[in-house]
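Here is how the chains run, residue by residue.
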Amino acid sequence: MGKKASQTCAPGDGDADSGAKLFKAKCATCHTCNEGGPNKQGPNLFGVMGRQSGQVDGFKYTAANKGSGIMWAEQTMFDYLANPKKYIKGTNMAFPGFKAEKDRADVIARGIGAAC
């Protein structure tokens, strides 16, 4: 038998249940995701998909986030979550990222920006 081809994962390939567990373990420390929820160390993520970066009222974003021009969608979030500091140079996001594509896809499937 030959070597297994390495598989890649796309944003739409995730599992929402796994993503909910990852969000709770890795994201909820700094982010809320309920409508009208408070900002914490990071902004409330309710409704983030389809919104431009740096736009949550009451959260103090870096100039890098405000000026990035990024419109959050599945692919941009997937790419960002691999290495936030590399994707938006100058962000204050402390989380180093999800190295596994599957983890990123799962968190997106959970519905970043949807009520939690």
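Procedures and definitions
Residues numbered from 1 in each chain as written. Predicted model: local features only at pLDDT ≥ 70, side-chain atom pairs only at ≥ 80, totals over all residues. Heavy atoms only, no water. Core = buried A, V, L, I, M, F, W, Y, C linked by side-chain atoms within 4.5 Å. Buried < 20%, exposed > 50% of the residue type's maximum accessible area, 1.4 Å probe, protein only. Helix = DSSP H or I, 4+ residues; strand = E, 2+ residues; numbered from the N terminus. Phe/Tyr/Trp six-rings, centres within 6.5 Å; stacked < 30°, edge-to-face > 60°. Lys NZ or Arg CZ within 6 Å of the ring centre and 35° of its normal. Contact = heavy atoms within 4.5 Å. Polar contact = N/O pair within 3.5 Å; in protein donor to acceptor, adjacent residues only side chain to side chain. Salt bridge = Lys/Arg side-chain N within 4 Å of Asp/Glu carboxyl O.

## Some words on the nonpolar core
Point 1. If you look at the biggest cluster of nonpolar residues, it comprises 20 residues, and the most contacted ones within it are W72, M77, Y80, L81 and I112.
Point 2. Elements with a contribution of two residues or more to this core: α1 (16–27), α3 (74–80) and α5 (101–110).

## Remarks on the packing of aromatic side chains
Point 1. Summed over the entire model, instances satisfying the criterion amount to four aromatic pairs.
Point 2. Relative to Y61, the ring of F59 lies with its centre 4.8 Å away and its plane at 70°, an arrangement referred to as edge-to-face. Comparing F59 with Y61, the two get one shared label, buried.
Point 3. A network of ring pairs unites the aromatic residues W72, Y80 and Y87 as a single cluster.
Point 4. A cation over a ring is seen here: R104 above F78, with NZ or CZ 4.3 Å from the ring centre.
Point 5. A cation over an aromatic ring shows up here: R110 above the ring of F23, its NZ or CZ 4.7 Å from the ring centre.

## Description of the environment of K40
Point 1. Mapped onto the secondary structure, K40 falls in the loop between α1 and α2 (63–66).
Point 2. Between the C-alpha atom of K40 and that of M71, which follows or precedes it by 31 residues, the distance is 22 Å.
Point 3. Discounting residues that sit within four places of it in the chain, K40 has contacts with A28, T29, C30, H31, T32 and F59.
Point 4. A polar contact is formed between the side chain of K40 and the backbone oxygen of T29, at a distance of 3.5 Å.

## Considering the pattern of salt bridges
Opposite charge on two side chains permits pairing when their charged atoms draw close.
Point 1. Evaluated as defined, the whole model comprises one salt bridge.
Point 2. We note a salt bridge from K102 to D106, for which the minimum N-O separation is 2.7 Å. Taken together, the positions of K102 and D106, both in helix α5 and four residues apart, correspond to about one turn of that helix.
Point 3. When its relative accessible area of 39% is taken as the criterion, K102 is described as partly exposed.

Geometric descriptors of this kind do not, in isolation, establish any biological role.
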